[in-house]
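Single-letter residue listing:
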Amino acid sequence: MNSDLPMPNESDATPNQAPSLSTELVILVLKYLSLEELMQCAKASRLFNLIAVSCAMDTERPWDPTQPCTLVASPRPYHTPDRMSILLRSAHIKTLDNVTFDLNAVLGRDHAIGTFRKMWALAERISMRKMTVRWRTHEYNLEDRLLRSHCHAMGGFFGAAVARGCVHLELHSAWAHLARHYQFRGPEKRGSGTMIDSIVQKINSHLPIVGRDSEPALLSDEVNYERTEQGRAWIMMPPFQNHSALTALKISSTFLLQPPFSSWIFSLMKASPIRSLTVDLDQMEEYSDDERQLILKRLRHAVSDIKAIHIPSAVGCMMKEVLTWAASFIKLETLSLGEDCFYGFFIDRDAKKYYFSSLDLHNVRFPRLKELNAPLPFLHALFDPEKSAPAPRTSFLLVPVRRPHRFQGLANGIVGITTRFDWDEDTSIAQIEEAVEAVRCIQYAMQKSLPYIPQATPCLQVMFEFAPALANISHVSTKIPKGLRNTQSDGAEYSKPADISHPALTLEILLHRTVEDLRRGDVDDGLEVFLEILPDTACLILIPGMGLSAGADSALDEPIPPQLFKRFKQVCPGLNQARIIRGLS
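The text that follows walks through the structure, step by step, so that each part is easy to find. (Residues numbered from 1 in each chain as written. Predicted model: local features only at pLDDT ≥ 70, side-chain atom pairs only at ≥ 80, totals over all residues. Heavy atoms only, no water.)

Both faces of the sheet carry side chains from a regular strand, because those side chains alternate between them. The pairing of strand β8 (residues 276-279) with strand β9 (residues 308-311) spans three bridges and is parallel. Considered in β9, the bridge of Thr278 is made with His310. The β-α-β motif built from β8, the intervening helix α11 (residues 289-302) and the parallel element β9 has right-handed crossover chirality. Relative to strand β10 (residues 334-337), β9 runs parallel, the two sharing four bridges. Opposite Ile311, over in β10, you have Leu337 as the bridge partner. Between the parallel pair β9 and β10, the chain is carried across by helix α12 (residues 319-327), and the sense of this crossover is right-handed. (Pairing = 2+ DSSP bridges. Helix = DSSP H or I, 4+ residues; strand = E, 2+ residues; numbered from the N terminus. Right-handed = clockwise from strand over helix to strand, strands pointing away.)

Right, here's the structure in full:
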């Protein structure tokens, strides 16, 4: 039995260590021990410490600290050991590349505090480059004593983790049970009851944001929030005051942008060279307009130099504000908007038809944007703001040539657009036609923007994902009208000038086939029909959706079989590469 575990130096050996005891034999024995027994073995010697920690982290193979790992916290941290407990005993592990803390099993208030203290101790011993924290919402209020302990333990853990080199931080779950100790004050009122300028309006009028060094007083927690119970002490997570190398931050709960977390998280943003921010805004439905604007203002002030913003979900009624807010970042190069951001714009939920006129897309400008990832209907409306509802089925070209100046302001710098379309047995002909015309509309818009993008090769990336229940995609491909097939982009209305090159089209297709099926060329004949509706495809990526394994060896990138490439080349003459890819980001 071979082992990939590194052998300790001879100087690490202790007098009671038997020289004839092989590493393979030790692993074979220790892999059957319980976690409590492994923790005792870890005290025996440096060799046993190394093997015991590896066996506790992975019972199947030697554990690699550079691979992602999940640390599930025990329900009672003071009584039941967990993986964090044995990592605290490790004499060898100094760094974890990607670690997820799962606190969903933690029971009770005191145990949650104890778990964060254990995590704090671990963060002071081991640096974690990428860190994710998942914590469920509890349905209880805390006394001030416990609230203070919570804030102290959490602030200590996050502060230690970031100070020791964390560069990617993800915060999941609602965290609502602490945030409900505070409430938004709302706008001030005069004695007559007439509403005066809101807090945010005051900020805009009197306190313009000019830098990140200090936060305007009217943006502070003390001005905008108060304790839910009058007279209670003001308890917050302490502001972050250490050096930070954090470059990516993901916040899946807007409760983290409210007290008692907000003072810490906004100070962390200002102290960090953050280039990528991911924030879910769907929990802001119950917030007042003033509080929504306040949070967006504070984010704008804290990460003014951001280059990438990802918004998986948001409240539909605030998308106009969100787009205006995103456009205010003058260095923004990448913008991603999830489909959940636009649920409020459905006019026909079953047909997935949208109405975007309220977003005022005529005035949306992203001067430095290079990558845009959004649902097809939104992209269609963005590049053709006069289209307020799905267009007639009779025309594929929806961007008038008479407005080429629009692309200089909108698409200046856009070199990559990514979108996706899901196919299932209920996919209608109208949806297929909308998808095709939206893709062609975006292609044309990018084509018109090319004169304003020096030395750039724009790329449109479209992903077709077939539902698992769709065993044979021919069932959908038969719905595609023949008029959509083999319609090259050099038609009468979609002609391109001789001095403008066409943007490259990359088509990703998620098929419910195994890698072996694709290597044999075993795909439905219906796949070629989907290629016929996008004959400009230059790069084809097939993603196997079956037979996936959880291990790191599931990553794959190889060319498709020659006979399959030849078939696809006949449909897409401009196809220059086609690959099978899985598990690569």
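Phe101, Met131, Phe158, Met269 and Phe464 are the most contacted members of the largest nonpolar core, which totals 152 residues. Of all hydrophobic cores here, the second largest spans six residues; its members include Cys539, Ile541, Ile543 and Ile581. (Core = buried A, V, L, I, M, F, W, Y, C linked by side-chain atoms within 4.5 Å. Buried < 20%, exposed > 50% of the residue type's maximum accessible area, 1.4 Å probe, protein only.)

Mapped onto the fold, Ile432 is located in helix α15 (residues 429-449). By relative accessible area, Ile432 is classed as buried at 0%. C-alpha separation for the pair Ile432 and Phe421, spaced eleven residues apart in sequence, amounts to 9.2 Å.

With 17 residues, helix α5 (residues 109-125) extends 25 Å between its outermost C-alpha atoms, agreeing within 8% with the 24 Å of an ideal straight helix rising 1.5 Å per residue. When we look at burial in α5, the residues that qualify are His111, Ala112, Ile113, Gly114, Thr115, Phe116, Lys118, Met119, Leu122 and Ala123. Contacts made by the buried residues of α5 are with β1 (69-72), α4 (83-87), β2 (95-102), β3 (127-134) and α6 (144-163). (Expected span 1.5 Å × (residues − 1). Contact = heavy atoms within 4.5 Å.)

What follows is about a nonpolar patch on the surface. Together, Leu25, Leu28, Val29 and Tyr32 line one region of the surface with nonpolar side chains, adding up to about 410 Å² of accessible area. With respect to the helices and strands, the residue Tyr32 is situated in the loop between α1 (23-30) and α2 (35-41). Accessibility expressed as a relative area gives 65% for Tyr32, which makes it exposed. (Patch = residues over 30% accessible without salt bridge, like charges linked within 9 Å, V, L, I, M, F, W, Y side chains within 5 Å. Areas by Shrake-Rupley, 256 points an atom, 1.4 Å probe, with all protein chains shown as cover. Salt bridge = Lys/Arg side-chain N within 4 Å of Asp/Glu carboxyl O.)

Angle between the axes and distance between the axes are the two parameters that describe a pair of packed helices. Between helix α18 (residues 526-533) and helix α19 (residues 562-571), the least distance of the axes is 9 Å, while the angle of their chain directions is 40 degrees. You can see that α18 and α19 cross each other, and the crossing is right-handed. Here Leu527, Glu528, Leu531 and Glu532 of α18 lie close against α19, whose contacting residues are Arg567, Phe568 and Val571. Across the contact of α18 with α19, the residue classes tally to four nonpolar, no polar and three charged. (Axes fitted to C-alpha atoms, helices over the stretch in contact; angles between N-to-C directions. Left-handed = near helix turned anticlockwise from the far one by under 90°. Nonpolar A, V, L, I, M, F, W, Y, C, P; charged D, E, K, R; others polar.)

Moving on, we come to unusual backbone geometry. Cis geometry marks the peptide bond from Pro259 to Pro260; its omega dihedral reads 10 degrees. Along the chain, the position of Pro260 falls in the loop between β7 (248-251) and α10 (262-271).

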